[in-house]
Amino acid sequence: MTKVAIFASGSGSNAENIALHFKGSNSVIVDCIISNKSDAYVLERAKKMGIESAVFSGKCFAETDEVLNYLHSRGVDFIVLAGFLLKVPQNLLDAYPRRIVNIHPALLPKFGGKGMYGSHVHEAVIAAGETETGITIHFINENYDEGDIIFQASCPVLPTDTPDSVAEKVHRLEYQYFPTVIADTIEQLKASSFS
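Report follows, based on the coordinates. Keep in mind it's a predicted model, so treat the numbers as computed, not measured. (Residues numbered from 1 in each chain as written. Predicted model: local features only at pLDDT ≥ 70, side-chain atom pairs only at ≥ 80, totals over all residues. Heavy atoms only, no water.)

**A short note on the side chain of Ser35**
Relative to the elements of secondary structure, Ser35 occurs in strand E2 (residues 28-35). In this structure the side chain of Ser35 is engaged in a polar contact, spanning 2.8 Å, whose partner is the backbone oxygen of Ala8. Polar contacts involving the side chain of Ser35 include one to the main-chain amide nitrogen of Lys37, which spans 3.1 Å. With sequence-adjacent residues up to four places away left out, Ser35 is seen in contact with Ala8, Ser9, Ala40, Val42, Leu43, Ala54, Val55, Phe56 and Phe61. (Helix = DSSP H or I, 4+ residues; strand = E, 2+ residues; numbered from the N terminus. Polar contact = N/O pair within 3.5 Å; in protein donor to acceptor, adjacent residues only side chain to side chain. Contact = heavy atoms within 4.5 Å.)

In structure tokens, the structure reads:
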């Protein structure tokens, strides 16, 4: 059984969608949800789903091994970032090489980097006059949004679109693809560790 930890900073709709996708799976389980914000709605979602949750401050993430020790104590194998806004520290990158994935609400390498999240991305896409946008699921490295790309899916941006309508289209892609891409990535990881 592969144990997954989800890191989230906000409402957690993606985290919930992922957890529901794997509910009842005999190969992958969402073991815990971790946030850097004690008032993040994702913690309520975790509670409702009966999933263990924990909150660690940005300082804890950046300057201590507390998060790493917590993950190890729970036997976590794989980390999913679902709307997590902190930079993942080097100790986690070292402990989970190619086992941390993120979803970005644009077609990287466009519209990535520090500060490019949520509505900021959709506003930038419209301001640039793009005719398409989408999602990118990627491994993470020490730089924001620069890890190897695993999967992309796109949707049109129409002249009548607003940041909100673009966000809706992108969310639909996130809900549709993120859980299955996570499952496929974990399967490939298992296969490569046996070869």
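Having seen it, we continue.
**Thoughts on the environment of Thr131**
Counting through the fold element by element, Thr131 comes out in the loop between helix H6 (119-127) and strand E6 (132-139). The class for Thr131 is exposed, based on a relative accessible area of 61%. As a C-alpha pair, Thr131 and Glu63 span 68 residues in sequence and 42 Å in three-dimensional space. (Buried < 20%, exposed > 50% of the residue type's maximum accessible area, 1.4 Å probe, protein only.)

**Digging into the side chain of Asn36**
Positionally, Asn36 belongs in the loop between E2 and helix H2 (42-49). For Asn36, a relative accessible area of 16% puts it in the buried group. A polar contact is formed between the side chain of Asn36 and the side chain of Ser9, at a distance of 2.7 Å.

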